[in-house]
Amino acid sequence: MRTLIAILIVAGVSYVSAEPYNTFDGEGFPACNDVALVHNATSIDDIVGMVKEAAANGTPVRASGKGHMWYDTMCSDNPDTIIIRTENVNKIENLTLEDGAESGTVDLEAGVTFLQLAEHLHDNNASMGYTLVNWNITLAGAVAMGGHRSSIREDSMVAAGVQSLDIVNGNGEVVTIERDNSNDDWLAASTSLGLLGVIVRMKFKIYPDFKVFAKQEILDEDDVLNGDIYGMIAPYATANFWWWPYMRKFHRRYYDEVPLTLSSQEGFQNTFSISDAEAAIAKSTLESGKYLATSNMFFETTAFSIWSAPNFREKTTQEAILEWPVYGWNYDVLIGGLYPDEKPEWEEDLHGETLELAFPVTQANDMLKRVRQAFDDEAKKGIIMTSTYRSGINIKFGKPYYDFLGQVTYNTSDGTDWSKGAIMFDFPSFKPTIGDGERFNEPFYPRLAKTLIDEFPCRPHWTKNTREVFGNATKNLDPDHLARFKVVREKFDPNGVFKSIIGEILGMYD
């Protein structure tokens, strides 16, 4: 390993020496606990050269885009690991969308983010449809981790937009994999977890640009837990719930396409940004909530009130939009990004932990009722649980999409009907910086995770869970899918260059 670093220094390779490699949350939030090198790649050829050199020296490698992780599961625990950051390898080329065509394609390099692509496409009267997620994620990273938008009606897995992808395998060779559901290489690459290699290029499906509306309403908890959840979500292009357990309320947000001429409004959604003043109030309240349930109750009721109003501005003027529905171009409304005069939460020292599990949507009511029972069991002990996140507990949905390791795959050995799609329970919570750093009633969170995994046929989100959650949830994954994925893994990376903790937990190196 030292020989490889010396070679890189002599060659003038751009790198940053590091010990932990952190998530987007920064210092104190490692995606990898100990790495030898962080290399900022400048081209696909650069990535190929790095992988070849590392493979020749038996050095482990992991690729990273924007560090969209929550826990220390991205690498193995080998301190010789090299991180190849792809952020600067971000060309967008060969956009093809003929006049009147329903769809076209565009070629993307590894580091292209959703915001970068959205702006490029909008400038060319095109869009990526509904196969999108947050602005601060690369598309290649989203494909590798099985990222998805919340939709049952439309294709919402980011991988659903991929027509082909180029992966640098464990020998440093560029291998092209075409979309083909009869090919195990494709079914593994579609949610690869980075275990096959570095995704360096993708051909992605695009569509003519379009506008959408966003509308939101408040529902009583009983109306959701005992209601037709599928019927509340499936009719819309994209829809989700936010749950406020202390208040026993839900927000239902839903979106759909509208004619281009219906409204001149250009709404832009605030995703993760916050003002300095808001951050100071939130932080002081939530830090005290480590010890005082009343602080958390105050936070939830305040956040609920704020979230009931549109979290949108008029893009052309930066004026707040005060009434539903909101109209605008698809990416601006569906995802948006940061307001220009604000910062993301993590830059304001507001950090969190989370848990995300996917369940068959046919079991949505039972799952949510089980979570409510867990909250009520704490209340019987005099412990009031709340949401400590700005938008509550995020309840998302996914259209069925077949591959080996995706959250919304189907025809699996558990005998459960996944054919109508999945519901995702995404439970972010504030992580204090005072005292021992543990959350209010910390034992509740792993206990809830274990309960849900043991009682339901659920699947983990690949960047939003701890090692312990992955270890327990593996029993719910299809053994045949794991075995077939392992065969592909061994073909692409026979020496385990791209090994990770998750891969080890899944038995990919046994």
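Worth saying up front: this structure is predicted, and the values here are computed from it rather than measured. (Residues numbered from 1 in each chain as written. Predicted model: local features only at pLDDT ≥ 70, side-chain atom pairs only at ≥ 80, totals over all residues. Heavy atoms only, no water.)

Student: Teacher, can you tell me more about helix α8 (residues 276-288) here?
Tutor: Given 3.6 residues per turn, any residue in an α-helix points the same way as the ones three and four places further on. Compared with the 18 Å implied by 1.5 Å per residue over 13 residues, the 18 Å span of α8 between its first and last C-alpha is a close match. Inspection of α8 places A279, A282, K283, T285, L286 and E287 among the buried residues, and these make up the whole buried set. On its buried face, α8 sits against β17 (273-274), α9 (293-308) and β25 (429-430). (Helix = DSSP H or I, 4+ residues; strand = E, 2+ residues; numbered from the N terminus. Expected span 1.5 Å × (residues − 1). Buried < 20%, exposed > 50% of the residue type's maximum accessible area, 1.4 Å probe, protein only. Contact = heavy atoms within 4.5 Å.)

Student: Explain the sheet that holds strand β14 (residues 238-244) to me, please; I cannot follow it from the model alone.
Tutor: Pairing between the strands of a sheet is mediated by backbone hydrogen bonds and can be parallel or antiparallel. Here 8 strands make up an open sheet; going across it, the order is β19-β13-β15-β14-β23-β24-β22-β26 and the pairing antiparallel. Edge positions in the sheet fall to β19 (326-329) and β26 (459-460), since each of these pairs with one other strand and no more. Helix-sheet contacts for helix α12 (residues 444-455) involve β22 (356-360) and β24 (422-426), and the interaxial angle to β22 is about 25°. (Pairing = 2+ DSSP bridges. Axes fitted to C-alpha atoms, helices over the stretch in contact; angles between N-to-C directions.)

Student: Which parts of the structure should I look at to understand the state of the cysteines?
Tutor: In a disulfide, the sulfur atoms of two cysteines are held together by a covalent bond. Applying the stated criterion across every chain, the model contains 1 disulfide. Covalent S-S linkage joins C32 and C75, the inter-sulfur distance amounting to 2.0 Å. The disulfide joining C32 to C75 has a torsion of about 65° about its S-S bond and is therefore right-handed. Linking C32 in strand β3 (residues 30-32) with C75 in the loop between β5 (61-64) and β6 (82-85), this pair joins segments that are 43 residues apart in sequence. Per residue, the accessibility class of C32 equals that of C75, and both read buried. (Disulfide = S-S within 2.5 Å.)

Student: Teacher, can you tell me more about the pairing of strand β11 (residues 174-178) here?
Tutor: Consecutive side chains of a regular strand alternate in pointing toward one face of the sheet and then the other. Where strand β10 (residues 162-168) meets β11, 5 bridges bridge the pair, whose relative direction is antiparallel. Counted as the bridge partner of I167 is V175 from β11. Connecting β10 to the antiparallel partner β11 that follows it, the hairpin turn spans 5 residues, and G172 within it adopts a positive phi of roughly 80°.

Student: When you look at helix α11 (residues 364-380) in this model, what are you seeing that I'm missing?
Tutor: In this model α11 runs 25 Å from its N-terminal to its C-terminal C-alpha over 17 residues, within 8% of the 24 Å that 1.5 Å per residue would give. All buried positions along α11 are accounted for by A364, N365, M367, L368, R370, V371, R372, A374, F375 and E378. Phi turns positive, to about 85°, at G382, one or two residues after α11.

Student: How do you make sense of the side chain of S150 when you look at a structure like this?
Tutor: Within the element layout of this structure, S150 appears in the loop between α4 (139-145) and β10. A polar atom in the side chain of S150 sits 2.5 Å from the backbone oxygen of A239. Apart from the residues lying within four places of it in its own chain, the contact partners of S150 are T238, A239, N240, K396 and F397. (Polar contact = N/O pair within 3.5 Å; in protein donor to acceptor, adjacent residues only side chain to side chain.)

Student: What am I meant to see in the nonpolar core here?
Tutor: Considering soluble globular proteins, one finds that nonpolar side chains tend to be buried as a cluster. Ranked by size, the top nonpolar core spans 78 residues in total, and within it L108, F114, L117, M128, L165 and L506 carry the most contacts. The greatest single-element share of this core, amounting to 6 residues, is contributed by α4. The next biggest cluster of nonpolar side chains, apart from the first, holds 45 residues, and it includes I229, W243, M297 and Y445. (Core = buried A, V, L, I, M, F, W, Y, C linked by side-chain atoms within 4.5 Å.)

Student: What is the right way to look at the pattern of salt bridges in this model?
Tutor: Oppositely charged side chains can form a pair if their charged atoms are brought close together. For the structure shown, the criterion picks out 37 salt bridges. Taking the shortest distance from any N to any O, the salt bridge between E455 and R370 comes out at 2.8 Å. A residue pair is termed long-range when its members are at least 10 positions apart, and E455 in helix α12 and R370 in helix α11 qualify at 85 residues. Its relative accessible area of 46% is what places E455 among the partly exposed residues. Look at R370 and you get buried, because its relative accessible area is 17%. With its nearest N and O atoms 2.9 Å apart, the salt bridge here joins R372 to D376. Of this pair, R372 and D376 both sit in helix α11, 4 residues apart, which is roughly one turn of that helix. Each of E221, R248, R372 and D376 takes part in salt bridges that share partners, so that together they form one network. (Salt bridge = Lys/Arg side-chain N within 4 Å of Asp/Glu carboxyl O.)

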